[in-house]
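Take a look at the letters that make up each chain.
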Number of protein chains: 2
Amino acid sequence: MSHPHPELGPPPALPKGGVRVVPLGGLGEVGRNMTVVEYAGRLLIVDCGVLFPEDHPGVDLILPDFEYIEDRLDDIDAIVLTHGHEDHIGAVPYLLRLKPDIPLVGSTLTLALVEAKLKEHRITPFTLTVKEGSREKLGPFDCEFVAVNHSIPDALAVFLRTPGGNLLITGDFKMDQLPLDGRITDLRSFARFGEEGVDLFLTDSTNAEVPGFTTPERDITPAIERVFATAERRIIVACFSSHVHRVQQVLDAAQAHGRKVAMVGRSMVRNMGIAADLGYLHVPDGLLVDAKKLGDLRDDQVVLVCTGSQGEPMAALSRMANRDHQIDVGPGDTVLMASSLIPGNENAVYRVINGLMRLGARVVHKGNALVHVSGHASAGELLYCYNIVRPRNVMPIHGEWRHLVANADLAILTGVPARNVIVAEDGVVVDLVDGRASITGVVPCGYVYVDGSLVGTTDETLLKDRRILRDEGFVTIIVVRDSNTGKIAAGPDIRTRGFAEDEAVFDKVRPRIEEALEDARRKGVEDTHQLQQIIRRAVGGYIGGKLRRRPMIIPIVIDA
Amino acid sequence: MSHPHPELGPPPALPKGGVRVVPLGGLGEVGRNMTVVEYAGRLLIVDCGVLFPEDHPGVDLILPDFEYIEDRLDDIDAIVLTHGHEDHIGAVPYLLRLKPDIPLVGSTLTLALVEAKLKEHRITPFTLTVKEGSREKLGPFDCEFVAVNHSIPDALAVFLRTPGGNLLITGDFKMDQLPLDGRITDLRSFARFGEEGVDLFLTDSTNAEVPGFTTPERDITPAIERVFATAERRIIVACFSSHVHRVQQVLDAAQAHGRKVAMVGRSMVRNMGIAADLGYLHVPDGLLVDAKKLGDLRDDQVVLVCTGSQGEPMAALSRMANRDHQIDVGPGDTVLMASSLIPGNENAVYRVINGLMRLGARVVHKGNALVHVSGHASAGELLYCYNIVRPRNVMPIHGEWRHLVANADLAILTGVPARNVIVAEDGVVVDLVDGRASITGVVPCGYVYVDGSLVGTTDETLLKDRRILRDEGFVTIIVVRDSNTGKIAAGPDIRTRGFAEDEAVFDKVRPRIEEALEDARRKGVEDTHQLQQIIRRAVGGYIGGKLRRRPMIIPIVIDA
């Protein structure tokens with residue numbers, strides 16, 4: 001198994017006839033999936049998603065780093081989107097801002113979702129709709145699209161034929177053998193590609209650590225049925241706003257139990273509207289009602305389907321838990337949180353659950369019922385894939401390092417030689433030359449932060465400042481200097497915010513500052529910056545040494 | 001099931017002969033467990049632990065709120081400590097600061113651990129050592145101590161006999177029927193107390209949501225054995241520094257496989273030293289080596305037992321993952337993370353796992369092997385307890401609201417009338433009068449923050465400031481006013497830190513400030529505070545309206 005080496009530099013020129021694969025996101029993290037494939041000077045991009053921040057204060061989204069392709073935008077033949085999840089399409093608007101006419105290629109639902117998103121950014125894209133079985137020549141890339149099963153309808157894998165070798169990219173997928181919509185991952189095509197020859201197989205690693213097989217979506221039906229059979233008053237279902245099949249199950253149960261359904265939350269209303277319009281969500285006539293008209297119905301005739309399953313503070317469910325929503329949750333209500341719990345969101349989700357239960361609601365969630373199954377192939381399914389495809393080289397994609405390594409181990413177990421299994425992270429260049437894939441270099445690939453309306457200007461220094469401010473607050477020391485005499489005209493004026501100690505602690509430090517400044521004046525130090533450093537030292541020594549604190553210290557000398 | 005009501009006020013005087021129970025921590029949260037029991041004007045405290053902060057920037061620990069007992073310190077007959085975990089003993093030093101001579105009552109190991117902690121606080125406590133079977137009269141409280149099984153040795157439940165009724169308090173416990181040390185939860189005594197009559201049963205709710213039975217500790221032996229049988233080089237085990245039985249399993253395996261063991265990390269060294277000295281940890285002669293002398297051994301002769309299983313950034317394991325530790329982890333090393341994953345720590349823990357795997361180590365953890373079992377009774381065990389004890393009234397303790405409610409539901413399932421099952425949170429007063437428990441009021445019970453050396457001064461306002469600073473940074477606007485003319489002598493000098501936008505955005509706002517101040521001067525506004533408000537409005541309107549940001553805005557007017 002090949003590990004990237006820290007000593008790697010920029011890659012050499014790609015040998016003629018070679019295929020270059022450069023992941024710009026999604027390898028070494030869960031999110032912002034984006035892979036660039038190059039052949040004969042032309043580029044094909046597969047997916048362009050966002051990553052949600054963890055410990056990045058004030059950051060809204062993290063984008064792939066476009067630096068590697070910024071000077072080569074004209075070389076891009078298309079952006080292929082495997083499915084409509086945010087971590088695969090969320091960064092498309094930011095890439096199209098650089099060049100709005102790069103064609104987007106994807107399935108009907110995927111393109112509808114990305115177009116809705118682009119509309120908010122006032123971008124009208126060029127699109128090419130494909131479906132399973134479609135074959136399209138995009139520049140030198142001969143692309144065949146294949147149905148895969150995932151937690152959103154209409155997901156596609158893509159088989160890239162190039163004169164330099166064939167790549168099979170799964171996108172996100174699992175292999176539910178009895179999916180609700182009957183659309184299975186097309187292993188027959190995987191087998192056909194295997195016969196033809198898969199030189200590099202890029203496979204979803206998200207669940208590679210999970211032994212066995214992912215539970216079928218239909219196995220959550222009994223838990224949903226139980227909720228409908230026992231709920232006394234309202235049923236409030238929270239799930240991902242893209243999980244059409246999950247919502248379908250809820251709609252079917254509502255219909256069977258004579259309840260009406262209202263969608264709540266902007267993204268839920270929008271996405272389910274799109275899914276219904278395009279025929280992915282089947283809504284019986286008269287089932288849906290406007291959330292504003294729920295007052296006309298008895299509580300036991302109502303189902304709400306809403307956002308907020310991850311404890312997002314502004315989403316409908318969190319606001320209900322905080323009694324800050326027109327839906328007034330109370331005893332007899334049943335809340336069904338039919339979604340995964342994304343690592344890092346635990347505290348927020350449990351806060352919501354506790355809040356709802358305190359109001360008297362019953363809460364059915366992943367922790368106490370089978371109300372969620374994953375959208376990704378577990379180890380057992382990945383083994384099937386490797387055995388059916390028999391690839392020459394493997395490159396795990398989509399996951400943290402631990403997921404990529406677990407996936408690599410599976411490939412090796414099925415007989416792929418370890419030297420042909422490439423564990424690479426974002427920015428690591430993998431070249432497929434003469435049927436052999438190997439790491440040849442690295443390209444710049446940092447985090448690009450979306451911070452309000454700013455993209456790419458927030459950097460690690462700013463985040464470090466925010467972390468210091470968060471933990472320790474700040475102290476400003478303002479001194480006004482008489483520009484004629486050079487003496488202190490006012491101050492030191494000391495203010496703190498977020499700082500744990502009382503401002504009175506500075507009574508002891510004030511004379512030190514004055515002394516240090518007077519000393520500096522006598523020595524002829526006039527430069528404001530130097531004086532500020534002198535103040536910083538006088539205050540910092542006291543705060544760090546005596547109080548054992550590390551706030552941000554901001555000395556300001558002003559001439560008046 | 002009784003819910004606390006927000007309209008509750010201070011409780012009435014406790015009727016003569018009644019017993020009052022006031023939880024000051026641990027009910028509605030996981031941590032800072034502390035319960036005050038009152039009879040005939042005397043108080044007994046059971047446990048006094050800390051809570052670890054979640055979204056409390058800069059806070060080190062959260063303590064129970066002592067306000068309710070601060071004026072009644074002389075009424076306290078003893079502090080009974082059920083076991084030596086931080087969430088049950090961690091706040092003892094802070095309580096003893098108020099009155100150092102309150103006796104501490106607990107088992108040998110529990111008292112040894114709390115004494116080591118108190119030594120760091122330079123407090124020598126009065127102690128009374130008890131063990132299973134001990135019976136002690138502490139004021140009017142006739143206390144009998146009972147063995148319970150938990151994830152630390154020497155844990156005790158306590159049966160409190162008072163003329164006003166009998167209380168059985170489990171502390172934290174589970175019911176491993178084949179524990180490594182043979183010390184089982186003493187259900188025979190539970191049965192005996194049941195025969196005598198348990199008027200109020202206070203039971204550990206932590207795992208009440210978990211169906212079935214907690215897996216026995218010995219069931220992790222195969223996973224540990226497998227690590228020892230297959231490890232090529234070093235074995236590095238991370239676990240809680242109080243988990244004596246877990247460490248015992250590692251020592252036994254090391255002995256069997258001819259490896260030496262070094263303890264790493266201050267709390268691990270200290271606690272295992274105490275446990276070994278007192279005979280709770282059995283260390284074969286010559287097995288332990290000093291971590292500094294590992295260089296004398298081959299890598300495949302070494303086991304390290306260290307802290308850091310929760311991804312704590314300063315602990316040994318995190319530093320190894322960051323290559324910031326003298327132990328230089330590499331290929332062939334195996335890391336065994338033999339602990340739970342406390343909610344909220346997921347990202348930190350996965351960061352450590354990914355870091356170690358990137359260095360080439362194999363990591364065995366809860367996600368891929370059975371290397372941890374819980375220390376708390378699951379629903380099945382709690383049902384046994386209720387059926388054996390047959391209590392008159394039940395009050396779930398130790399847990400978030402969802403855990404308390406799940407535990408209450410179990411009590412009701414076994415036949416305890418719902419009206420006798422009291423779900424109360426911190427500060428809610430439960431009175432046991434004439435055999436009937438009920439909620440009678442609330443007492444003050446806030447979060448008390450330890451922030452560096454300060455206790456109780458950090459408040460919600462300060463935390464709110466830190467959250468604003470974290471997300472948006474701050475903007476200071478300094479204006480120096482000539483105290484003779486009232487005109488601006490210098491400034492506006494605008495500085496920002498943690499603020500996303502470039503300082504150049506203020507070019508547009510500077511003239512507005514000058515205009516607003518000049519306008520104020522003409523109108524005769526002289527008050528500095530008022531002028532600062534004028535600046536805030538001028539800047540705030542621009543930043544909030546135009547930039548859509550909400551940083552902390554700090555206008556400062558200085559006279560010179």
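Residues numbered from 1 in each chain as written. Chains lettered and ligands numbered in written order. Predicted model: local features only at pLDDT ≥ 70, side-chain atom pairs only at ≥ 80, totals over all residues. Heavy atoms only, no water.

1. What to know about the overall build of chain A
When you go through chain A residue by residue, the secondary structure sums to 15 helices and 25 strands. Counting across all 560 residues of chain A, residues that qualify as buried make up 59%. In chain A, the share of contacts with a sequence separation of at least 24, taken over all contacts with a separation of at least 6, comes to 72%. Surface accessibility of chain A: about 21,900 Å² in total, with carbon and sulfur atoms responsible for 49%. The distance from the centre of the 61 positive side-chain charges to the centre of the 75 negative ones in chain A is 4 Å. (Helix = DSSP H or I, 4+ residues; strand = E, 2+ residues; numbered from the N terminus. Buried < 20%, exposed > 50% of the residue type's maximum accessible area, 1.4 Å probe, protein only. Contact = heavy atoms within 4.5 Å. Areas by Shrake-Rupley, 256 points an atom, 1.4 Å probe, with all protein chains shown as cover. Lys, Arg positive; Asp, Glu negative; His and termini not counted. Charge placed at Lys NZ, Arg CZ, Asp CG, Glu CD.)

2. With respect to the UniProt feature "binding site: Zn(2+)" (unreviewed entry) in chain A
All names here are of chain A. Under the UniProt annotation, the feature "binding site: Zn(2+)" (unreviewed entry) is placed at H83, H85, D87, H88, H150, D172 and H398. Taken along the chain, the residues just named run across 316 residues; in space they keep tight, none of their C-alpha pairs more than 14.0 Å apart. Take H85: it is sitting in the loop between β5 (76–80) and α2 (86–89). Inspection of the secondary structure assignment puts D172 in the loop between β11 (165–169) and α5 (187–196). Not counting residues up to four positions away in its chain, the partners in contact with D172 are H83, D87, H88, V148, H150, D204, H376 and H398. A polar atom in the side chain of D172 sits 3.5 Å from the side chain of H83. (UniProt positions renumbered as here; feature names shortened; annotations may be inferred. Polar contact = N/O pair within 3.5 Å; in protein donor to acceptor, adjacent residues only side chain to side chain.)

3. Observations regarding the UniProt feature "binding site: Ca(2+)" (unreviewed entry) in chain A
The UniProt record marks G58(A), D60(A) and D451(A) with the feature "binding site: Ca(2+)" (unreviewed entry), using the residue numbering of this structure. Taken together, the annotated residues stretch across 394 residues yet fold into one region, lying no more than 6.6 Å apart by C-alpha. With respect to the helices and strands, the residue G58(A) is situated in the loop between β3 (42–46) and β4 (61–63). Other than its neighbours up to four places away in sequence, G58(A) contacts D451(A), R466(A), R470(B) and D471(B). Ignoring anything within four residues of it in the chain, the contact list for D60(A) reads P53(A), V450(A), D451(A) and G452(A).

4. Digging into the interface of chain A and chain B
At the junction of the two partners, chain A supplies 57 residues and chain B supplies 57 residues. Interface area, chain A with chain B, both sides summed: about 4,900 Å², of which 55% is carbon and sulfur. When residues of chain A are sorted by the area they lose upon contact with chain B, R358(A), R402(A) and R497(A) head the list and together hold 11% of the total. Our count for the contact surface shared by chain A and chain B stands at eight salt bridges. Ionic pairing is found between D451(A) and R549(B), a salt bridge with its closest N-O pair at 2.7 Å. At the junction of chain A and chain B, the tally comes to 18 residue pairs in polar contact (both at pLDDT 80 or more). Sorting elements by how many residues they give to the side of chain A that touches chain B places helix α10 (residues 346–358) of chain A first, with eight residues. (Buried area = accessible area lost by both parts, 1.4 Å probe. Salt bridge = Lys/Arg side-chain N within 4 Å of Asp/Glu carboxyl O.)

5. Considering the sheet that holds strand β4 (residues 61–63) of chain B
With respect to topology, three strands assemble into an open sheet ordered β4-β21-β22 (chain B), the strand pairing being antiparallel. The sheet is open, and its two edges are formed by β4 and β22 (454–455) of chain B, each paired on a single side. (Pairing = 2+ DSSP bridges.)

6. Focus: the relation of the copies chain A and chain B
After a rotation of 180 degrees and a shift along the axis of 0.0 Å, chain A superposes on chain B with an RMSD of 0.0 Å. The transformation just described matches what one would write down for a two-fold rotation axis. Among all C-alpha atoms of chain A, that of R470(A) lies closest to the rotation axis, at 2.3 Å. Here 100% of the interface residues in chain A have copies in chain B that are interface residues too; the copies meet face to matching face. (Least-squares fit on C-alpha atoms with pLDDT ≥ 70 in both.)

7. Some points on the domain arrangement of chain A
All names here are of chain A. Taken domain by domain, chain A consists of domain 1 (19–212 + 374–451), domain 2 (217–364) and domain 3 (460–559). If you look at the interface, domain 1 gives 19 residues, while domain 2 gives 14 residues. The contact between domain 1 and domain 2 buries some 1,500 Å² in all, and 61% of this surface belongs to carbon and sulfur atoms. One can count two salt bridges joining domain 1 with domain 2. Here R266 and E120 are joined by a salt bridge, their closest N and O atoms 3.3 Å apart. In this structure, the connection of domain 1 to domain 2 is made through seven residue pairs in polar contact (both at pLDDT 80 or more). When the residues that make up the side of domain 1 that touches domain 2 are grouped by side-chain class, the tally is nine nonpolar, four polar and six charged. (Domains from an automatic or database assignment. Nonpolar A, V, L, I, M, F, W, Y, C, P; charged D, E, K, R; others polar.)

8. A word on the side chain of H56(A)
Within the secondary structure layout, H56(A) lies in the loop between β3 and β4. In this structure H56(A) comes out as buried when scored by relative accessible area, which is 14%.

9. Concerning the pattern of salt bridges
Residues and elements named next belong to chain A. If you walk through the whole model with that rule in mind, you get 83 salt bridges over all chains. Of the charged contacts in the structure, one is a salt bridge between D154 and R183, with a shortest N-O distance of 3.9 Å. On the criterion of sequence distance, the pair formed by D154 in the loop between β9 (141–148) and β10 (155–162) and R183 in the loop between β11 and α5 is long-range, its members being 29 residues apart. Assessed through its relative accessible area of 14%, R183 is described here as buried. Connected through salt bridges with shared partners, the residues E38, R42, R72, D75 and D77 form a single ionic network.

10. Notes on the packing of aromatic side chains
The description of an aromatic ring pair rests on the distance of the ring centres and on the angle between the ring planes. Residues and elements named next belong to chain A. One pass over the structure, following the stated rule, counts 13 aromatic pairs over all chains. Here F213 and Y384 contribute two aromatic rings whose centre-to-centre distance is 5.8 Å and whose plane-to-plane angle is 75 degrees, an arrangement assigned as edge-to-face. With a gap of 171 residues between them, F213 in the loop between β12 (200–204) and α6 (221–230) and Y384 in helix α11 (residues 379–389) connect regions that are remote in the sequence. For Y384, a relative accessible area of 46% translates into the label partly exposed. (Phe/Tyr/Trp six-rings, centres within 6.5 Å; stacked < 30°, edge-to-face > 60°.)

11. Thoughts on the sheet that holds strand β11 (residues 165–169) of chain B
Residue and element names in this part refer to chain B. Taken in spatial order, the six strands make up an open sheet running β8-β9-β10-β11-β12-β18, and their pairing is mixed. Lying at the two open borders of the sheet, with one neighbouring strand each, are β8 (135–138) and β18 (393–397). For this sheet, the mean angle separating the axes of adjacent strands, direction not counted, is 20 degrees. Where strand β10 (residues 155–162) and β11 come together, five bridges link them in antiparallel fashion. If you follow L160 over to β11, its bridge partner there is L167. Here helix α11 (residues 379–389) sits on the sheet and contacts β11, β12 (200–204) and β18; the angle it forms with β12, its principal contact strand, is near 165 degrees. Contacts from helix α12 (residues 401–413) reach β12 and β18 within the one sheet, and its direction differs from that of β18 by about 155 degrees. (Axes fitted to C-alpha atoms, helices over the stretch in contact; angles between N-to-C directions.)

12. Re the side chain of R470(B)
With respect to the element layout, R470(B) can be found in helix α13 (residues 460–472). Only 3.1 Å separates the side chain of R470(B) from the side chain of D471(B), close enough to count as a polar contact. Setting aside its immediate chain neighbours within four residues, R470(B) contacts P57(A), G58(A), R466(A), R470(A) and D55(B).

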